[in-house]
Each structure stands twice: as C-alpha cells, then as structure tokens.
Amino acid sequence: MSQIIKHDQELMKKINKEMILNLIREKGPISRADLAKITNMSPTSISRIVTDFSELGLVKETNLTSSGVGRKAILLDTDPNSIHVISVEMDQSISKIGVVDFDGNIILKEEVTYDSHVMDWEKVVDKICNTIGGIIEQENSTESKIIGIGIGIPGIVDDKSGRVVFSPQLGWKDVGIVDYIEKRFGYKTTIDNLIKSKAIAENVYGSTKGSKRAALINFGTGVGSALIVNEEIYRGITNSAGEIGHTTIDPNGRLCDCGRIGCLQTFITEEALIQEARAFKNVYSIKEIFDSEIAGENWAINLIDRLYTYVGIAVCNVICMYNPDTVIITGKLIEERPEILDVIMKRVDDRIWAPFKNTYEIKGSNLCEKSGMLGVASLVINKYLDAEL
Ligand SMILES: [Zn+2]
C-alpha cells in the first residue's frame, strides 16, 4: 500500500473518531444504532470505535436504554471523570485555579492573590504552583486522571514555544512559564492568551455555540478581542491578533502600561479610570466610581459617560473590522454591572456605520467568570484527544 493511501486512511479514521466522540459529547446518552444512523457508518465500525473510547475511559455504557419499538439498546455517554484538567486563569493580581472535567464542569476552584508588578515572575508562579500542588495531591487520592495543566494569560503569548512574550498587565517580558511548570510537576502544560481562551469557551459551551463568525471583546484589567472563524481562533502570525486595547485612539493622550501614548484601554480599564477619578475623590475600585455616578456626582457621571462612549467605539471598530454575526462582551466591567450591556448596545447602535446595522447581535456571556478556565481546559482536552485518537 502506498504511503499516501495509508496516510489518507489514518486521517479518515481520526476524523471519524472525532466526529463520533463529538456526537456522544453533544447528544449523549445515545445508542450505537443512532450513531450509525446519523453518521451513515456501519454498526461494526461504530462498535469498534466505541470500544476504543471505552478503553481510554472516555465513553461508558449508561444504565439507560433506548425507548420506542424494537430491541432495547444500551445508551452511551461520556464519562466526565475520565479526564481532568488543572485550569488556571491568570490576571494582574489574582489567579483562579481549579479542576475541569471532560464535560466542562468546574469541580474545584481556588484563588491565589499576588502583586505581579512588585514580585518576580518566579515568585508569582511559585504561589500558583503551590496551589496546583495541593490540587494534584487531592486528585491523586481519587480515580480521576489529570491529563495536563492549562493556563490563560493576559497579553502576548507564544502558545507554541510556551513563553509569555509580553504581558503589560503582569509586567512580564519573555517568561518561559511552561518549561518552569512542566519541570516542577511533569504534566504537559499549555498556555494561551486569556481572551482567546474565553472565546474558545464561548464557542464550545457558551453564547457563540454554532456561530461561524463570532467576536469576543473583554473589558477587564486590559481591553482585548478575539475572533472565531469556522470554529477556530484567528491567531495572526504571532498569536497576537485582536489586541485592540493597544490601538491608538488619542496620540496626545495618557501613557499606557504598554509604554505608548493614548491607547484605547487608557480610556476604559479600571486602573485608568481610578487614576482619573482620584483628581476628585479617593476611590479604590470601579464599583466606587459607579456608586458615585448613581449618587449623581458630576465628575463620575462624566467619567462613566466617556467610558461608555469608548466602549461603544471599541465594539463598533471590531464590527467594522471583522463583520461578525455575534459579539460577546465579557470581563470585569460587565460582571460588575451586567445592566450596562443595554447601554453598550444603544451606544453601538447610535454609532455604527449604516451598512453594518442589524448584521450583528451583541450578547453577554452565559459562562461569565467561568469562561477563562473552561477555555484553557478545552485547549488541553483537544490536544490530548488529538494525540490519543
Ligand atoms: Zn497600550
């Protein structure tokens, strides 16, 4: 047999396996007969593939049987505990660390705080590792299987080499975090940009499921976006596509933490707003600024009004650049005050160029603060399945 034909057959087998596993993940509990019917494959092929999944522990027979006429068939479903991922969502001063199962449930969650601008990166990572170590100990006393560690990080992340190229939020430049963690625990470790991870989670589990052209914009300690095209993240040449927070809005504006002047995020992030607000009042959080706005304090009304304008501009710019069918708004800003989604929609509708009107839908995330952890877990699970199937 020629090498090419053999290669094609192997690839076909892999595609079929992925398709059947996805069907069980989406439609389970489901019978072998229904899988054969949906995929047009022979019952023998289905049985063989299902046996492979059972051996890996991914799929199990449930104690349910099919309803309707004819012989009762045992239904299959995924085993959520067959795969566990240690998932980390890093931000400027806090990391969420937990365990995500094969079905996308967060079954354990802890938090670690630090000051990334004062501490060396090794100290920050050691703090996170101490918590990971504790979780691994707990996991080892169960039947479950950890397949790897995934970390979502704000900033420019080289997902292939496992290095953080530049993260203004963390104050990190060229940090080899994957090497460091793999040496400590021996588990395969995957990193990606946090916003790209969130977009993946929305596409697998959340608000953009089924969308072919979706954009996600995150308003948090930074401002960033991610684009999903045909179920895949658009990464650009160095995995940096979507860094809208550092597009220049005002060349005479304020200094950004990236070292340049007048970036979009200097009008939007909590830290930037607090700095400006302090000319009027000693506030420490965006919540206090919102409280002052609700109390009718003029400075706060103007500052929040300007914030909405720039958020609207950011969303309009993304819509003009990518022409998405869905725009998901995520991040601390909207988690803090979900009702601002309506304000954002109105600002975008008022500003958007006419040909784009009614071409998009703006939504909040239904995964909310879970999306970062679920996204990196998905990346780790996909890599694992790619290697195993
Ligand atoms: Zn900047």
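Residues numbered from 1 in each chain as written. Predicted model: local features only at pLDDT ≥ 70, side-chain atom pairs only at ≥ 80, totals over all residues. Heavy atoms only, no water.

Comments concerning the overall build of the chain
Put simply, the rule is: Each helix corresponds to a stretch of at least 4 residues labelled H or I by DSSP, and each strand to a stretch of at least 2 residues labelled E; elements are numbered beginning at the N terminus. Here the globule rule is a power law, 2.2 Å times the number of residues to the power 0.38, and the radius of gyration is based on C-alpha atoms. A 1.4 Å probe rolled over the protein chains alone gives each residue an accessible area, and that area as a share of the maximum for its type sets the label: buried under 20%, exposed over 50%, partly exposed in between. Two residues form a contact once any of their heavy atoms are found within 4.5 Å. With residues, only the protein chains shown are counted as cover, and all accessible areas are computed by Shrake-Rupley using a 1.4 Å probe. The charged-residue count follows a simple rule in which Lys and Arg add positive charge and Asp and Glu add negative charge, with His and chain termini not counted at all. Just so you know, the charge point we use is NZ for Lys, CZ for Arg, CG for Asp and CD for Glu.
The number of helices and strands found in the chain is 12 helices and 16 strands. In terms of overall dimensions, the chain is globule-like: its C-alpha atoms have a radius of gyration of 23 Å, near the 21 Å expected for 389 residues. Principal-axis analysis of the C-alpha atoms places the extent of the chain at approximately 75 × 50 × 45 Å. Buried residues in the chain amount to 50% of all 389 residues. Pairs at least 24 apart in sequence give 59% of the contacts found in the chain among residues at least 6 apart. Split by element, the accessible area of the chain, about 18,900 Å² in all, is 51% carbon and sulfur. Across the chain, the mean location of the 44 positive side-chain charges is 4 Å away from that of the 54 negative side-chain charges.

Topic: the sheet that holds strand β15 (residues 326–330)
Note the following rule: A pair of strands counts as paired when DSSP detects no fewer than two bridges linking them.
As summarised here, the arrangement of the 5 strands in space is β14-β13-β12-β15-β16, forming an open sheet in which the pairing is mixed. Each end of this open sheet is capped by a strand with a single partner; those strands are β14 (232–233) and β16 (361–364). Here strand β12 (residues 213–219) runs beside β15; their pairing, made up of 5 bridges, is parallel. Within β15, the residue paired with asparagine 218 across the bridge is threonine 330.

Let's talk about the coordination of the zinc ion
Short version of the rule: For Na, K and Ca the donor cutoff is 3.2 Å, while for all other metals N, O and S atoms must lie within 2.8 Å; water is not among the atoms, so some sites may look incomplete. By the criteria applied here, four donors are tetrahedral when all angles lie between 85 and 135 degrees, four are square planar and six octahedral when opposite donors are over 155 degrees apart and every other angle lies between 65 and 115, and any other arrangement is irregular.
His246 (ND1), Cys256 (SG), Cys258 (SG) and Cys263 (SG) make up the full set of protein donors to the zinc ion, lying at 2.0 to 2.3 Å. Seen from the zinc ion, its 4 donor atoms lie at angles of 105 to 121 degrees, and the figure they make is tetrahedral.

A look at the sheet that holds strand β8 (residues 156–158)
Test applied: Only the contacting stretch of a helix is used when fitting its axis, a line to C-alpha atoms as for every element, and angles between N-to-C directions run 0 to 180 degrees.
Across the sheet, 3 strands lie side by side as β8-β9-β10; this open sheet has antiparallel pairing. The open sheet has two edge strands, β8 and β10 (172–175), and neither has a second partner. Across the sheet, the mean angle from the axis of one strand to that of its neighbour is 15 degrees, orientation sign disregarded. Relative to β10, strand β9 (residues 163–167) is paired through 3 bridges, and the arrangement is antiparallel. Each residue of the ladder has a partner; that of phenylalanine 166, found in β10, is lysine 173.

Here we look at helix α11 (residues 340–351)
Applicable threshold: One fewer than the residue count of a helix, multiplied by 1.5 Å, yields its expected span. The directions considered for the arc are those from the helix axis to the C-beta atoms.
If you check α11, its first and last C-alpha atoms are 17 Å apart, about what 12 residues at 1.5 Å a residue would give, namely 16 Å. By the burial criterion, the buried members of α11 are Ile340, Leu341, Ile344 and Val348. Seen end-on, α11 carries its buried residues on one side only, within an arc spanning 110 degrees. Away from its buried face, by an angle of more than 90 degrees, α11 presents the exposed residues Asp342, Lys346 and Asp350. Residues of α11 that are buried in the fold lie against α9 (298–322), β15, α10 (332–336) and β16.

Considering the domain arrangement of the chain
Put simply, the test is: Throughout, the edges of the domains are those of an automatic or database domain assignment. Buried area counts how much accessible surface, traced with a 1.4 Å probe, disappears from two parts once they are put together, with both parts' losses summed. By salt bridge we mean one thing: a side-chain nitrogen of Lys or Arg within 4 Å of a carboxyl oxygen of Asp or Glu.
For the chain, the assigned domains read domain 1 (3–78), domain 2 (82–198 + 371–388) and domain 3 (207–365). Just the C-alpha atoms count here: the centres of domain 1 and domain 2 sit 31 Å apart. The interface is formed by 8 residues belonging to domain 1 together with 9 residues belonging to domain 2. A combined buried area of about 750 Å² lies between domain 1 and domain 2, and 52% of that area is made up of carbon and sulfur atoms. Its largest share of buried area at the contact with domain 2, domain 1 owes to Arg25, Leu56 and Leu58, together 57% of the area lost on that side. Here domain 1 is connected to domain 2 by 1 salt bridge. In this structure, lysine 14 and aspartate 386 form a salt bridge, with 3.4 Å as the shortest nitrogen-oxygen distance.

Describing the packing of helix α4 (residues 121–140) against helix α5 (residues 177–185)
For clarity, the cut-off: Angles below 35 degrees are treated as roughly parallel, those above 145 as roughly antiparallel, those between 65 and 115 as roughly perpendicular, and all remaining angles as oblique. Note on convention: the crossing is left-handed when the near helix lies turned anticlockwise from the far helix by less than a right angle, right-handed when the turn is clockwise. Under the scheme applied, nonpolar residues are Ala, Val, Leu, Ile, Met, Phe, Trp, Tyr, Cys and Pro; charged residues are Asp, Glu, Lys and Arg; polar residues are all the others, including Gly.
Contact geometry of α4 with α5 gives a least axis separation of 11 Å together with a crossing angle of 40 degrees. Comparing their axes, α5 and α4 come out oblique. Viewed along their axes, α4 and α5 form a crossing whose handedness is right-handed. Across the interface between the two elements, Trp121, Glu122, Val125, Asp126, Cys129, Asn130, Ile132, Gly133 and Ile136 from α4 touch Ile177, Tyr180, Ile181, Arg184 and Phe185 from α5. Here the residues of the contact of α4 with α5 sort into 9 nonpolar, 2 polar and 3 charged.

What to know about unusual backbone geometry
Note the cis peptide between glycine 28 and proline 29, where omega equals 0 degrees. With respect to the helices, strands and loops of the structure, proline 29 is situated in the loop between α1 (3–27) and β1 (30–31). For asparagine 323, which is not a glycine, the phi torsion comes out positive at approximately 50 degrees. Mapped onto the elements of the fold, asparagine 323 is located in the loop between α9 and β15. Since its relative accessible area comes to 44%, asparagine 323 is described here as partly exposed. Phi is positive for asparagine 358, which is not a glycine, with a value near 60 degrees. As for its placement among the helices and strands, asparagine 358 is situated in the loop between α11 and β16.

A short note on the environment of serine 95
The cut-off we apply is this: Throughout this description, a polar contact denotes any pair of N or O atoms lying within 3.5 Å of each other; where both atoms belong to protein, one of them has to be capable of donating a hydrogen while the other can accept it, and for residues adjacent in sequence the pair is counted only when both atoms sit in side chains.
With respect to the helices, strands and loops of the structure, serine 95 is situated in strand β5 (residues 94–101). Exposure remark for serine 95: the relative accessible area of 0% places this residue in the buried category. The spacing of serine 95 and glutamate 111 is 16 residues in sequence and 5.7 Å in space, taken between C-alpha atoms. If near-sequence neighbours (up to four positions away) are discounted, serine 95 is found in contact with Val88, Glu89, Met90, Glu110, Glu111, Val112, Tyr114 and Ile128. Only 2.8 Å separates the side chain of serine 95 from the side chain of tyrosine 114, close enough to count as a polar contact.

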